[in-house]
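# Analysis of the macromolecular model
This is what each chain is made of:
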2 protein chains.
Amino acid sequence: MLKDLYLQEFLDKTESSDPVPGGGSIAALSSALASALSGMVANLTIGKKNYEDVSDEMKVIAEKMSVFKQDFVLLIDKDANSFDKVMKAYKLPKETDAEKAERSRLIQEGMIYAASVPLEVAEKTTELFELIEILVQKGNKNAQTDALVSAMMARTAILSALYNVKINLGSIKDETFVKDTADKVKALEKLAIEQETRILGLSDL
Amino acid sequence: MLKDLYLQEFLDKTESSDPVPGGGSIAALSSALASALSGMVANLTIGKKNYEDVSDEMKVIAEKMSVFKQDFVLLIDKDANSFDKVMKAYKLPKETDAEKAERSRLIQEGMIYAASVPLEVAEKTTELFELIEILVQKGNKNAQTDALVSAMMARTAILSALYNVKINLGSIKDETFVKDTADKVKALEKLAIEQETRILGLSDL
């Protein structure tokens, strides 16, 4: 799994002409980094003087961020493998009409799956914002910028994942699916931008 | 060095109550990821059919991105260590007036250094945009979203690094330095937002 690479190796592998990990995996990694950084802010608040009142709330947030972090770590690989079904379908025989139809059906099925993975990354990442907001408002003031960085990483993760959804939609023939997903994409883009702006606005910096 | 951690370990270390790596290191890592992803787009263009005309230009960009990537990898650690001078100065004796003055001077020197590292990250990251623009316009169309993700990661890296500059400015007493740096911060924030918007606007997605 990609999490088992050294950071340097991961960067080198990204840079290489191997198309994975690509932008979709980097989006999931950004979400994992946002979760980890938010987890740090919570952990730097728990048990600290002047923050006794929020210690229990911070413990809950730290636990949630830890779960998010690992979910996004899995999504780094899930995105890297999301095109496997499409690639496998492309290699199927296309001699007879029946073969052609089956191959085409499986390519389309693979494309829909490939669009669904970055959509999952984007949707899950939106769940971070309400927790980050609490961290900015009630967390250790010395780590407030870390919570702000977390909000920006989440925003960029969402927009990045959504570009990967949009590019896949271009190859999908199911018009209802395309229309519904494009609507979801627009709503998520709007939400990511608004949430980032709102959270950054909570700080005096 | 942090690059020598497994990706999972790096995320776990970020999450822990150890304040480093924090938002400043994550900013430098985002710049490294932006460089790596842009490098991939260039590498996926070199020698490809229909892209013969831009192959040489892409080779130059791939090489530059590789250098940027490693520069930012070093900045991940440089940021993590940027507070060491301040911490060391805080531990100095403060019995006599002379000791107090020297301690205070060294704390201020350390603070100025701590502000200079994320400023270096932000300034260097702005150099990526003109190369990313070429990748979006002339690079392999199949990897265009990766170049767009790269632009967004660069924008967020810059804004994140600049929050770390701003928080440090609050502790610096040299008014001329504070004023000059605050002006630089504002200009860089504006540039990052404008460049991202402009580059995303080059795509039909």
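Residues numbered from 1 in each chain as written. Chains lettered and ligands numbered in written order. Predicted model: local features only at pLDDT ≥ 70, side-chain atom pairs only at ≥ 80, totals over all residues. Heavy atoms only, no water.

## Side note on the confidence of the model for chain A
Per-residue pLDDT for chain A has a mean of 97; in total, 100% of the residues score no lower than 70. For this predicted complex, the interface confidence score (ipTM) comes to 0.97, while the overall pTM stands at 0.97. (pLDDT = per-residue confidence, 0-100.)

## Notes on the relation of the copies chain B and chain A
Mapping chain B onto chain A calls for a rotation angle of 180 degrees and an axial translation of 0.0 Å; the resulting RMSD is 0.0 Å. Interpreted geometrically, this transformation is the action of a two-fold axis. Among all residues of chain B, the minimum C-alpha distance to the rotation axis is found for Y6(B), at 2.0 Å. Of the residues that chain B buries at the interface, 98% are likewise interface residues in chain A, meaning the two copies contact each other through the same surface. (Least-squares fit on C-alpha atoms with pLDDT ≥ 70 in both. Contact = heavy atoms within 4.5 Å.)

## Some words on the UniProt feature "domain: Cyclodeaminase/cyclohydrolase" (unreviewed entry) in chain A
Within the UniProt annotation, "domain: Cyclodeaminase/cyclohydrolase" (unreviewed entry) is assigned to residues 7-186 of chain A. Structurally, residues 7-186 of chain A is divided into 79% helix and 0% strand, and its ends, taken at the C-alpha atoms, are 33 Å apart. (UniProt positions renumbered as here; feature names shortened; annotations may be inferred. Helix = DSSP H or I, 4+ residues; strand = E, 2+ residues; numbered from the N terminus.)

## Section: the pattern of salt bridges
If you walk through the whole model with that rule in mind, you get 30 salt bridges over all chains. Residue K69(B) pairs with D12(A) through a salt bridge whose shortest N-O separation is 2.5 Å. Linking K69(B) in helix 3 (residues 55-80) with D12(A) in helix 1 (residues 7-15), this pair reaches from one chain into another. In this structure, R155(A) engages E196(A) in a salt bridge whose closest nitrogen and oxygen atoms are separated by 3.8 Å. Note that R155(A) is positioned in helix 7 (residues 144-169) and E196(A) in helix 8 (residues 175-201), a separation of 41 residues in sequence. Like E196(A), R155(A) is buried. Taken together, the shared-partner salt bridges connect R155(A), E196(A), R155(B) and E196(B) into one network. (Salt bridge = Lys/Arg side-chain N within 4 Å of Asp/Glu carboxyl O. Buried < 20%, exposed > 50% of the residue type's maximum accessible area, 1.4 Å probe, protein only.)

## Considering the packing of helix 3 (residues 55-80) of chain A against helix 1 (residues 7-15) of chain B
Running from amino to carboxyl end, helix 3 of chain A crosses helix 1 of chain B at an angle of 160 degrees, the nearest separation of the two axes being 11 Å. In terms of their interaxial angle, helix 3 of chain A and helix 1 of chain B are classed as roughly antiparallel. Seen along the crossing, helix 3 of chain A lies across helix 1 of chain B with a hand that is right-handed. Touching A62(A), S66(A), K69(A), Q70(A), V73(A) and I76(A) of helix 3 of chain A are L7(B), Q8(B), L11(B), D12(B) and E15(B), all from helix 1 of chain B. Residues that form the contact of helix 3 of chain A with helix 1 of chain B fall into these classes: 5 nonpolar, 3 polar and 3 charged. (Axes fitted to C-alpha atoms, helices over the stretch in contact; angles between N-to-C directions. Parallel < 35°, antiparallel > 145°, perpendicular 65-115°, else oblique. Left-handed = near helix turned anticlockwise from the far one by under 90°. Nonpolar A, V, L, I, M, F, W, Y, C, P; charged D, E, K, R; others polar.)

## Concerning the interface of chain B and chain A
Contact with chain B, which involves 54 residues of that partner, is made by 53 residues of chain A. Across the chain B-chain A interface, the total number found is 6 salt bridges. Joining chain B to chain A, the criterion identifies 24 residue pairs in polar contact (both at pLDDT 80 or more). For the side of chain B that touches chain A, the secondary structure elements donating two or more residues are helix 1, helix 2 (23-43), helix 3, helix 7 (144-169) and helix 8 (175-201) of chain B. Element by element, the count of residues in the side of chain B that touches chain A is highest for helix 7 of chain B, at 14 residues. The class makeup of the residues in the side of chain B that touches chain A is 29 nonpolar, 15 polar and 10 charged. (Polar contact = N/O pair within 3.5 Å; in protein donor to acceptor, adjacent residues only side chain to side chain.)

## A few points about the packing of aromatic side chains
If you walk through the whole model with that rule in mind, you get 3 aromatic pairs over all chains. Judged by centre distance (6.2 Å) and plane angle (15 degrees), the ring pair of F68(A) and F72(A) falls under stacked. On the criterion of helical spacing, the pair formed by F68(A) and F72(A) is a turn pair, its members being 4 residues apart in helix 3. Neither residue differs from the other here; F68(A) and F72(A) are each classed as buried. Sitting over the ring of Y163(B), K166(B) keeps its end group 4.2 Å from the ring centre. (Phe/Tyr/Trp six-rings, centres within 6.5 Å; stacked < 30°, edge-to-face > 60°. Lys NZ or Arg CZ within 6 Å of the ring centre and 35° of its normal.)

## Considering unusual backbone geometry
Cis geometry is adopted by the peptide bond preceding P21(A), which originates at V20(A) and carries an omega value of -5 degrees. With respect to the secondary-structure elements, P21(A) resides in the loop between helix 1 and helix 2 (23-43). Even without glycine at this site, N50(B) takes up a positive phi of about 75 degrees. Mapped onto the secondary structure, N50(B) falls in the loop between helix 2 and helix 3. Looking at N50(B), the relative accessible area reads 67%, which means it is exposed.

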